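So you can see what is in the structure, the chains are spelled out below.
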Amino acid sequence: MAKGKKDKISKYYSEWWENPKDPRNIVFEGLNNLVKERIPPGNNKRALDIGSGKGRIVSYLLEKGYRVTAVEMSDEFVNELRKRFPTIRVIQCDVCELDLNECFDVVTMIELAQNLKQEELRGVLNKLAKITPYLLINISNSNSLHGKWVEFRGFRNDFVFMYTPKEIESILKSAGFSTVYRKGVGLVTPISLFSGFRCKLVPIWLAKAINNKFDKYAARFCHLYYVEARSLRRSLEETQAER
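Residues numbered from 1 in each chain as written. Predicted model: local features only at pLDDT ≥ 70, side-chain atom pairs only at ≥ 80, totals over all residues. Heavy atoms only, no water.

Caption draft 1: Structural view of the sheet that holds strand β9 (residues 224-231). Taken in spatial order, the 7 strands line up as β3-β2-β1-β4-β5-β9-β6 in an open sheet, and their pairing is mixed. Each end of this open sheet is capped by a strand with a single partner; those strands are β3 (89-92) and β6 (177-185). Within the sheet, the average angular offset between the axes of one strand and its neighbour, ignoring direction, is 15°. Bridge count for strand β5 (residues 134-140) against β9 is 7 bridges, and the pairing is antiparallel. Within β9, the residue paired with leucine 136 across the bridge is glutamate 228. In the packing of helix α2 (residues 25-38) onto the sheet, the strands contacted are β5, β6 and β9, and the crossing angle to β9 comes to about 25°. Relative to strand β4 (residues 106-109), helix α5 (residues 118-131) is tilted by about 160°, and along the sheet it contacts β1 (46-50), β4, β5, β6 and β9. (Pairing = 2+ DSSP bridges. Helix = DSSP H or I, 4+ residues; strand = E, 2+ residues; numbered from the N terminus. Axes fitted to C-alpha atoms, helices over the stretch in contact; angles between N-to-C directions. Contact = heavy atoms within 4.5 Å.)

Caption draft 2: How the structure looks around the pattern of salt bridges. In the structure shown here, the tally under the stated rule is 12 salt bridges. For glutamate 102, the salt bridge is made with arginine 46, and the minimal N-O distance between the two is 2.5 Å. Of this pair, glutamate 102 sits in the loop between β3 and β4 while arginine 46 sits in strand β1, and the two are 56 residues apart along the sequence. One salt-bridge network, held together by shared partners, links Glu18, Glu29 and Arg56. (Salt bridge = Lys/Arg side-chain N within 4 Å of Asp/Glu carboxyl O.)

Caption draft 3: The nonpolar core, seen in detail. Counting residues in each nonpolar core, the largest one holds 32 residues, and the members touching the most others are Leu48, Met109, Leu125 and Leu128. Elements with a contribution of two residues or more to this core: β1, β4, α5, β5, α7 (165-175) and β9. The leading source of residues in this core is α5, at 6 residues. Apart from the residues within four sequence positions on either side, leucine 48 is in contact with Thr69, Val71, Leu98, Leu100, Phe104, Val106, Val107, Thr108, Leu128 and Ile131. (Core = buried A, V, L, I, M, F, W, Y, C linked by side-chain atoms within 4.5 Å. Buried < 20%, exposed > 50% of the residue type's maximum accessible area, 1.4 Å probe, protein only.)

Caption draft 4: Structural view of empty space enclosed by the protein. Under the criterion given, the structure shown has 1 cavity of 30 Å³ or more. There is about 250 Å³ of room inside the largest cavity. Looking at the largest cavity, it is lined by 20 residues, and the ones nearest its centre are Ile9, Gly51, Glu72, Met73 and Leu112. Secondary structure elements with two or more residues in the lining of the largest cavity: α1 (3-16) and β2 (67-72). With 3 residues, α1 is the single largest residue contributor to the lining of the largest cavity. (1 Å grid on protein atoms, 1.4 Å probe; cavity = no way out; pocket = protein on both sides within 12 Å on 5 of 7 lines; lining within 4 Å. Points joined across faces, edges and corners; volume = space filled by probe spheres on them.)

Caption draft 5: The layout of surface pockets, seen in detail. In this structure, the largest pocket spans a volume of roughly 840 Å³. Considering the residues around the largest pocket, the lining is formed by 43 residues, among which Tyr12, Asp22, Arg24, Phe28 and Phe197 are closest to the centre. Elements supplying a minimum of two residues to the lining of the largest pocket: α1, α2, β1, α3 (56-63), α6 (145-153) and β7 (192-194). Looking at which element gives the most residues to the lining of the largest pocket, the answer is α2, with 5 residues. Across the lining of the largest pocket, the residue classes tally to 19 nonpolar, 14 polar and 10 charged. Approximately 370 Å³ is the volume attributed to the second largest pocket. Taken together, 18 residues make up the lining of the second largest pocket; nearest its centre are Gly30, Val185, Asn211, Asn212 and Asp215. Mapped by element, the contributors of at least two residues to the lining of the second largest pocket are α2, β6 and α8 (204-214). The element best represented in the lining of the second largest pocket is α2, accounting for 7 residues. Of the residues contributing to the lining of the second largest pocket, the split by class is 5 nonpolar, 6 polar and 7 charged. (Nonpolar A, V, L, I, M, F, W, Y, C, P; charged D, E, K, R; others polar.)

This is the structure we're talking about:
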């Protein structure tokens, strides 16, 4: 990943990651709650969290009983992770350069795929299929109301890459993963008329009401599309090792 892109991403997320002024938080919190519910019990197993940010998913993995390795690029977030979670291992690097010669029982990659071009995403997933049997990942959905709106209004940052549910499942399959669970979060996001989330067109209360009722019926049109996938490569290697 080019340095200019890294700097843009770090600056953007420093300002907006878990910022209470961001009206999209109702959708992001919905995703966080889903991930917390879906993480399997850890029982002292190993977990790798990629793109850890301030550590929300890390905290869920620790609660579930995992030994956690966190991967994060931002200096600011790396320092925060090390202060908040002194028992975890933190690796500071660009995920595209991550090269781990070790295995993990589960990998979480939440709110990161949208910062990877398709060839970068394929490269990362190819690596992960060799080191974990189970992956939790999500995308920002280009088929969603939010996706269509930010493209129409020209709000999408040049370091954000949206995918359709069909595309991410196809990319996962080509990397050696089989999708075993999928769910959409945020059929309606509180979109704004102007950049910087100024002049909301959809009230937060209305978005919440619609999402609570209709997300389960329209997963492929939600702002965030969440997938759990099993590695066919890893399963094959484990089977061969047992023989």
